[in-house]
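# Coordinates in review
Letter by letter, the chains look like this.
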Amino acid sequence: MKRFIFSILVLFTGMNVAVAAGDIEAGKGKVALCASCHGANGISASDAYPNLAGQHADYIVKQLKALKNSTDRSDPVMGPMAAGLSEQDMMDIGAYYNSLPRTAAESSTAGSDSTASAAAPAAKYEPDAIAGKSLYELGDASRAIGACIGCHGKDGNSDVLIYPNLAKQHPEYIQKQLHNFKANENRANYPMNQFAGQMTDEEILDIGAYLADTQALANVKPKKVIAVAITAEVLAGEKKAATCAACHGPGGNKPIADYPRLAGQSSQYLVKQLTEFKSGVRVNAVMSGMAAALSEQDMIELSAYFAAQKPLAGNGKGSDTGSKLYYGGKVNHVNQAITACVACHGATGKGMAKAGFPSLANQSVEYITSQLKQFKSGVRANDKANMMRDIAMKLSDNDIDELAQFVATLK
């Protein structure tokens, strides 16, 4: 907490806290080992390692001390490297790298066994640098994500010496560190753990794409990027959603795995389900009673509210068998063809709202399992043209288990 308060004081007073006074020439003679990963000119040829050229000396010293003492940061490669450094060595190395020009370099993944790629999401996603700039400069108050620009400066050029310059870094390295902060693994910093913890994997990719070349978007104005517009219906639905929170959680992000996550689900699909709970087409003792008192307008407003919320991640462990079923379907033991889920629910599980196919992304293993079993047994029968019942009845219990473990990783 003291570290966090100090950081805030630095941010709002604009102080530059200089802690390193090293010798550039001495540092030049001490970086031979560093060059193998960070490049002879401080520009790394590998996406797994950060560019150090032009970085604040104070920040480099701070990180080397943390790595040496295993405080706030740990790394199996850098820990032993830092262990043999004196404080003067650290200051000299920081001064040397700070003196180097921060020029852009072509990154190459050839010969690199980058651990950054392991942190990236499995689903293919084309990073959006403009969305990354928007989150970097504006943050997202609704999820308590602070604007990165406050500490790391305009275009990633920090004016506060204990905060790193982020401009011209390899996007993979930025992404790796944000994932470490998000998971609270190897990087311990209260505000960064909180901010990164609220970011989606796609947003982390977007920020990396933006910081790779901030000048390319120098004239682009950042905008708040939200999945669904905050309309009067959304605001009205928020006031009516208090009762729903008991089972589905605040904002539709359920605390109980057996209940569906409503955050980010399409409003059309939610309206359909509420209507069918009320009419009895879909049977559930709890939801039938809840929906009975809702008017059509109530359903529209509640659905709009939940559709506008940001979902948290599901709890799946992943499954190769489940992935093959989802993307390719299969023929079962009695020669029945099982349709690939991707056809209706999309490559990332987001569904097709206009066609009435729900988003499966971010749901829990338990909920996906229960619904597939209900379709298989016929307990749930409100699917279009028996589509889900026809598919589910061909799935074995093992198919359902594996499929649920995979689907609950989609986001």
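Residues numbered from 1 in each chain as written. Predicted model: local features only at pLDDT ≥ 70, side-chain atom pairs only at ≥ 80, totals over all residues. Heavy atoms only, no water.

### Describing the overall build of the protein
Of the regular secondary structure elements, the protein holds 22 helices and 2 strands. Residues classed as buried in the protein amount to 44% of the 411 residues present. Summarising the internal contacts of the protein: among those between residues at least 6 apart in sequence, 68% fall at separations of at least 24. Summed over all atoms, the accessible surface of the protein reaches about 20700 Å², with 58% contributed by carbon and sulfur. (Helix = DSSP H or I, 4+ residues; strand = E, 2+ residues; numbered from the N terminus. Buried < 20%, exposed > 50% of the residue type's maximum accessible area, 1.4 Å probe, protein only. Contact = heavy atoms within 4.5 Å. Areas by Shrake-Rupley, 256 points an atom, 1.4 Å probe, with all protein chains shown as cover.)

### Notes on the side chain of Asp383
Mapped onto the elements of the fold, Asp383 is located in the loop between α20 (365-377) and α21 (387-392). Within polar-contact distance, the side chain of Asp383 engages the backbone nitrogen of Met387 at 3.2 Å. Setting aside its immediate chain neighbours within four residues, Asp383 contacts Phe375, Met388 and Arg389. (Polar contact = N/O pair within 3.5 Å; in protein donor to acceptor, adjacent residues only side chain to side chain.)

### What to know about α20
Along its 13 residues, α20 runs 18 Å from first to last C-alpha, staying within 8% of the 18 Å computed at 1.5 Å per residue. Listing the buried residues of α20 in full gives Val365, Tyr367, Ile368, Thr369, Gln371, Leu372 and Phe375. Tucked inside the fold, the buried residues of α20 contact α21 and α22 (397-407). After α20 finishes, the residue Gly378 shows a positive phi value of roughly 90°. (Expected span 1.5 Å × (residues − 1).)

### A closer look at the state of the cysteines
Covalently bonding the sulfur atom of one cysteine to the sulfur atom of another cysteine gives a disulfide. Counted under the stated rule, the structure contains 0 disulfides. Cys151 provides the cysteine sulfur closest to Cys148, a residue in no disulfide bond, and the two sulfurs are 8.8 Å apart. Just so you know, Cys344 is unpaired, no disulfide at all, and the nearest cysteine sulfur is the one on Cys341, 8.8 Å from it. (Disulfide = S-S within 2.5 Å.)

### Observations regarding unusual backbone geometry
If you check the backbone angles, Lys168 has positive phi at about 65° while not being a glycine. One can find Lys168 in the loop between α9 (149-152) and α10 (171-183). Of note in the backbone geometry, Asn362 takes a positive phi value of approximately 75° without being a glycine. Here Asn362 shows up in the loop between α19 (342-345) and α20. The class for Asn362 is buried, based on a relative accessible area of 6%.

### With respect to the environment of Met78
Structurally, Met78 can be placed in helix α5 (residues 78-83). Expressed as a C-alpha distance, the spacing of Met78 and Leu67, which sit 11 residues apart in the sequence, is 6.6 Å. Look past the residues within four positions of Met78 in its chain and what remains in contact with it is His38, Leu64 and Leu67.

### Side note on the environment of Lys133
You can see Lys133 is positioned in helix α8 (residues 129-138). Once residues lying within four places of it in the same chain are set aside, the contact partners of Lys133 are Tyr210, Leu217, Ala218, Val220 and Pro222.

### Here we look at the pattern of salt bridges
Two side chains carrying opposite charge are able to pair once their charged atoms lie near each other. Enumeration according to the criterion identifies 12 salt bridges in this entry. A salt bridge links Lys30 to Asp89, with the nearest nitrogen and oxygen atoms 2.8 Å apart. Of this pair, Lys30 sits in the loop between α2 (24-28) and α3 (32-38) while Asp89 sits in helix α6 (residues 87-99); the two residues are 59 residues apart in sequence, bridging distant segments of the chain. Judged by relative accessible area, which is 18%, Asp89 ranks as buried. The residue Lys330 makes a salt bridge to Asp399 at a minimum N-O spacing of 3.1 Å. Residue Lys330 is found in strand β1 (residues 330-331), and its partner Asp399 is found in helix α22; the two are separated by 69 residues along the sequence. (Salt bridge = Lys/Arg side-chain N within 4 Å of Asp/Glu carboxyl O.)

### A closer look at the packing of aromatic side chains
All chains considered together, the criterion is met by 6 aromatic pairs. Between Tyr136 and Tyr210, the ring centres sit 5.5 Å apart and the planes meet at 55°, which makes this aromatic pair tilted. Remark: Tyr210 occurs in helix α12 (residues 201-212) and Tyr136 occurs in helix α8; sequence separation between them is 74 residues. In this structure Tyr136 comes out as buried when scored by relative accessible area, which is 1%. Its relative accessible area of 0% is what places Tyr210 among the buried residues. Grouped by ring-pair contacts, the aromatic residues Tyr326, Tyr327 and Phe406 constitute a single cluster. (Phe/Tyr/Trp six-rings, centres within 6.5 Å; stacked < 30°, edge-to-face > 60°.)

### Quick look at a nonpolar patch on the surface
Side chains of Leu33, Val77 and Met81 sit close together on the surface and give an oily, nonpolar patch of about 280 Å² of accessible area. Structurally, the position occupied by Met81 is in helix α5. The exposure class assigned to Met81 is partly exposed, which follows from its relative accessible area of 34%. (Patch = residues over 30% accessible without salt bridge, like charges linked within 9 Å, V, L, I, M, F, W, Y side chains within 5 Å.)

### Remarks on the packing of helix α4 (residues 57-69) against α6
For the pair α4 and α6, the least separation of the axes is 8 Å and the interaxial angle reads 140°. As judged from the angle between their axes, α4 and α6 are oblique. By crossing handedness, the relation of α4 to α6 is classed as right-handed. Facing α4, whose interface residues are Ala57, Ile60, Val61, Leu64, Lys65 and Lys68, α6 presents Glu87, Met90, Met91, Gly94, Ala95, Tyr97 and Asn98. (Axes fitted to C-alpha atoms, helices over the stretch in contact; angles between N-to-C directions. Parallel < 35°, antiparallel > 145°, perpendicular 65-115°, else oblique. Left-handed = near helix turned anticlockwise from the far one by under 90°.)

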